[in-house]
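Structural overview
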Amino acid sequence: MALPRPHVWERPRDVSFALDVLAREQPLGPVGVAGFSLGGYTAVALAGARVDPHILWAVLTGAIPLPEIPEFPGALEALRKKYPLDESSRRALDAAAADLSDPRVRAVFQVAPGVGGLVTPESLATVQVPVGIRWGGADTVNPYDVDTRPYLEYIPTASGRSAGPDVRHDDFFTPEPADPAVRVRVGREAAAFFQQHLG
């Protein structure tokens with residue numbers, strides 16, 4: 001398998017690579033992709049979402065603050081290390097706007113999705129597969145208005161709902177969530193979503 005890529009816009013290529021490997025072993029049926037946080041972006045990038053390199057540059061330079069990413073601590077430092085603040089880096093970041101869609105992906109389910117503030121509304125409008133979204137009402141890592149609302153507002157096939165007003169970002173993965181049933185409930189909703197849209 002390929003090594004995980006360090007930058008969020010490179011992650012969809014890893015999923016496509018894994019699908020290529022699986023397809024060599026046996027025929028693939030309809031593919032659904034679920035993702036949490038940064039993985040939520042990865043999932044929808046496979047359906048056509050693209051990062052805006054201009055916003056990414058603004059994050060890199062500090063003009064737009066990057067919130068803490070619990071599953072990728074030091075993300076901004078890693079980005080700045082790979083891309084010093086010069087014109088060659090600015091051109092390299094244009095790769096973030098590449099089309100990373102994979103036609104094998106037929107449905108997407110996002111949980112507390114991230115990067116919503118970095119994707120272009122125009123690319124979200126091109127997403128044609130069903131997209132289900134769940135978020136925590138008390139999520140301060142990927143706040144609804146910044147990261148979830150763009151997906152709901154601009155993806156024509158998107159629908160979703162809050163997993164609860166007191167659900168935090170960490171509640172989807174910590175040992176002691178505020179709502180102990182949230183992961184089971186959202187997991188069942190994801191399974192029902194894929195059953196409905198993939199058969």
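Here the structure is a predicted model, which means the values were calculated and not measured.

What counts, and where the lines are drawn
- Residues numbered from 1 in each chain as written.
- Predicted model: local features only at pLDDT ≥ 70, side-chain atom pairs only at ≥ 80, totals over all residues.
- Heavy atoms only, no water.
- Phe/Tyr/Trp six-rings, centres within 6.5 Å; stacked < 30°, edge-to-face > 60°.
- Helix = DSSP H or I, 4+ residues; strand = E, 2+ residues; numbered from the N terminus.
- Salt bridge = Lys/Arg side-chain N within 4 Å of Asp/Glu carboxyl O.
- Buried < 20%, exposed > 50% of the residue type's maximum accessible area, 1.4 Å probe, protein only.
- Axes fitted to C-alpha atoms, helices over the stretch in contact; angles between N-to-C directions.
- Left-handed = near helix turned anticlockwise from the far one by under 90°.
- Contact = heavy atoms within 4.5 Å.
- Nonpolar A, V, L, I, M, F, W, Y, C, P; charged D, E, K, R; others polar.
- Pairing = 2+ DSSP bridges.
- Lys, Arg positive; Asp, Glu negative; His and termini not counted.
- Polar contact = N/O pair within 3.5 Å; in protein donor to acceptor, adjacent residues only side chain to side chain.
- Core = buried A, V, L, I, M, F, W, Y, C linked by side-chain atoms within 4.5 Å.

Our next topic: the packing of aromatic side chains. Considering all chains together, one arrives at 6 aromatic pairs under this definition. A ring pair is formed by Phe36 and Phe173, whose centres lie 5.7 Å apart and whose planes are at 65°; its orientation type is edge-to-face. Here Phe36 is found in strand β1 (residues 31–36), whereas its partner Phe173 is found in the loop between β4 (158–162) and α8 (182–198), with 137 residues between them in sequence. Through pairs of rings, three or more aromatic residues link up here, namely Phe36, Phe172 and Phe173.

One pass over the structure, following the stated rule, counts 8 salt bridges. Of the charged contacts, one joins Arg104 and Asp102 as a salt bridge, the two residues approaching to 2.7 Å between their closest N and O atoms. Asp179 serves as the salt-bridge partner of Arg185, at 3.1 Å between the closest nitrogen and oxygen. By relative accessible area, which is 30% here, Arg185 ends up partly exposed. When its relative accessible area of 23% is taken as the criterion, Asp179 is described as partly exposed.

It is the contact of helix α1 (residues 11–25) with helix α2 (residues 38–45), at a shortest axis distance of 8 Å, that shows an interaxial angle of 60°. Considering only the axes of α1 and α2, their crossing is right-handed. In contact with Arg11, Pro12 and Val15 of α1, α2 contributes Leu38, Tyr41, Thr42 and Ala45. Looking at the contact of α1 with α2, its residues break down into 5 nonpolar, 1 polar and 1 charged.

Attention shifts here to the pairing of β1. Here β1 shows a buried face lined by Val31, Val33 and Gly35 and an unburied face lined by Gly32, Ala34 and Phe36. Here β1 runs beside strand β2 (residues 105–111); their pairing, made up of 6 bridges, is parallel. Each residue of the ladder has a partner; that of Gly35, found in β2, is Gln110.

Another aspect to go through is unusual backbone geometry. Phi is positive for Ser37, which is not a glycine, with a value near 60°. Among the structural elements, Ser37 can be located in the loop between β1 and α2. By relative accessible area, Ser37 is classed as buried at 2%.

Attention shifts here to the side chain of Asp147. Note that Asp147 resides in helix α7 (residues 144–154). Despite its burial, Asp147 pairs with no opposite charge, the nearest such side chain being Arg149 at 11 Å. Here the side chain of Asp147 touches Val115 through a polar contact of 3.2 Å, landing on its backbone nitrogen. A distance of 3.1 Å separates the side chain of Asp147 from the backbone nitrogen of Gly116, its partner in a polar contact.

Moving on: the nonpolar core. A general feature of soluble globular proteins is that nonpolar side chains tend to end up buried together. Ranked by internal contacts, the top residues of the largest apolar core, which has 36 residues, are Trp9, Tyr41, Val51, Val115 and Tyr151. Those elements that provide at least two residues to this core are β1, α2, α3 (53–61), β2 and β3 (131–135). Residue contributions to this core peak at 5 residues, all from α2. Not counting chain neighbours up to four residues away, the residues in contact with Val115 comprise Val8, Leu38, Tyr41, Val51, Asp147 and Tyr151. In this structure, Ala107, Phe109, Ala112 and Phe193 belong to the second largest nonpolar core, which totals 12 residues.

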